[in-house]
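As a plain string of letters, each chain reads:
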Amino acid sequence: MKSRLPQLRYCALQGFIWGIFGVLVGYSHVYLLSLGLSNTQVSLTLAVASALSVGLTPLLTALAARWKGLTVSRVLCALAAGIALAGLLLLCLPGGPVQGVLLYGLAFIFLHLVPGFANSLGMGGIRRGLHMNFGIARGIGSICYSVVSLTAGRLNERLGVWIIPALAGLLALGVFGFTAAFARCAGGCLEQPEPGKKEQGLFRANPGFLPFLAACVCLMTSHNLLTNFMYEIVVSKGGGTAQQGSILSLSAALELPTMFLFVHMARRWRCDNWMKLSAVFFTLRALGMLLAPNVGWALAVQFTQPLGFALYTVAGTYYVSSVVSGRYELRAQAFLHMTSTLGSIVSLLLGGVILDSLGAGALLGLAVAFGALGFVIYLPALSRVERVVGA
């Protein structure tokens with residue numbers, strides 16, 4: 001039973017983390033609009049918060065690497081406590097939209113810093129001999145995202161928008177508790193690795209890592225161009241909100257088999273080859289959506305998801321832990337997650353303009369181009385990985 005505790009507690013940790021994403025990010029527009037903001041102001045608020053989280057990532061990882069005694073688990077607990085406190089203040093303190101925007105934005109920033117540290121915590125445990133499967137934990141996270149999103153929507157209709165910060169705060173307490181529990185059952189093996197002398201050491205020691213991150217930004221831009229503007233894309237194919245929901249639900253469900261089985265897949269084919277294949281399927285999904293004549297075909301295109309985004313999510317985490325030494329793993333995992341945020345920012349900045357001026361077809365063409373560019377950059381950037389950590 002003891003050997004299973006790290007896996008069970010880490011699964012719970014990932015579930016609580018992505019549950020917060022399901023409510024705090026998934027219903028960010030709902031909550032901020034309730035404060036009296038316009039759609040433009042909401043988009044600007046979220047873009048600024050996302051940009052701040054990107055800027056804070058290297059600063060926080062450098063601090064964690066240099067501050068003696070500051071472990072990954074302690075940073076995670078601090079971030080979770082910050083989210084819970086922001087949620088509590090949103091519930092208890094009377095105030096206008098400025099206070100609400102600031103507190104919600106703060107929780108949003110903290111949340112986007114969490115996955116990089118959580119991935120580093122889990123992969124660090126695997127590297128040090130814990131019997132764990134990151135893909136299963138990440139799959140549990142996706143399930144919790146869907147369940148919490150659905151639950152939050154129904155509770156919001158019945159009880160009001162106050163349930164959004166309330167749920168986020170409660171789930172953050174779960175992140176705090178399971179981070180501490182995971183660190184306890186893992187013993188002392190999860191302390192922060194010996195820091196490097198300079199922040200640039202990660203890129204000097206791994207010359208291909210920076211172009212790898214650039215390729216990831218391209219792939220995440222392609223993915224987020226579809227995700228952030230799925231409603232407009234579906235409408236252009238003759239559908240509406242019901243069809244949009246069907247597409248998002250199907251794509252999320254199709255991710256699970258790949259996440260659960262990736263460790264077995266990595267034993268049969270090199271991880272860097274799986275990464276290249278994921279880039280191909282990112283591009284194929286965007287191309288399929290571009291060529292789909294109607295909603296039915298658009299729904300069928302989602303069957304590319306298992307070998308696209310789902311494969312990238314798990315394979316990327318394992319790849320980074322396999323090519324980067326433990327000394328730099330925290331920064332590497334945090335930077336990998338940062339590419340997702342950057343891709344979202346780029347998609348929001350470009351997507352709205354392209355959609356308004358040229359239409360959904362041009363938007364999908366741009367997604368195809370970013371996916372193809374990511375694949376091309378991958379070819380020289382990826383290192384050969386004969387065996388991934390934990391496989």
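Coordinates for the structure precede this section.
These numbers come from a predicted model, not from an experiment.

Conventions and cut-offs
- Residues numbered from 1 in each chain as written.
- Predicted model: local features only at pLDDT ≥ 70, side-chain atom pairs only at ≥ 80, totals over all residues.
- Heavy atoms only, no water.
- Core = buried A, V, L, I, M, F, W, Y, C linked by side-chain atoms within 4.5 Å.
- Buried < 20%, exposed > 50% of the residue type's maximum accessible area, 1.4 Å probe, protein only.
- Helix = DSSP H or I, 4+ residues; strand = E, 2+ residues; numbered from the N terminus.
- Contact = heavy atoms within 4.5 Å.
- 1 Å grid on protein atoms, 1.4 Å probe; cavity = no way out; pocket = protein on both sides within 12 Å on 5 of 7 lines; lining within 4 Å.
- Points joined across faces, edges and corners; volume = space filled by probe spheres on them.
- Nonpolar A, V, L, I, M, F, W, Y, C, P; charged D, E, K, R; others polar.

(A) Looking closely at the nonpolar core. Of all hydrophobic cores here, the largest spans 96 residues; its most connected members are Phe209, Phe212, Phe262, Tyr312, Tyr318 and Tyr378. The leading source of residues in this core is helix α5 (residues 97-127), at 14 residues. Setting aside its immediate chain neighbours within four residues, Phe212 contacts Met275, Tyr319, Val320, Leu336, Tyr378, Ala381 and Leu382. One finds Cys218, Leu225, Ala286 and Leu363 within the second-largest nonpolar core, a separate group that totals 21 residues.

(B) View of the environment of Thr151. Relative to the helices and strands, Thr151 is located in helix α6 (residues 134-159). In this structure the C-alpha to C-alpha distance between Thr151 and Ala215, which are 64 residues apart in sequence, comes to 35 Å.

(C) Geometry of empty space enclosed by the protein. For the structure on display, the rule yields two cavities of 30 Å³ or more. Of the pockets and cavities examined, the second largest cavity occupies roughly 30 Å³. For the second largest cavity, the full set of lining residues is Thr57, His112, Leu113, Gly116, Phe117, Ala334 and His337. Broken down by secondary-structure element, the contributors of at least two residues to the lining of the second largest cavity are α5 and α15 (329-358). Ranked by residue count, the leading element in the lining of the second largest cavity is α5, at four residues. Per-class residue counts for the lining of the second largest cavity are three nonpolar, four polar and no charged.

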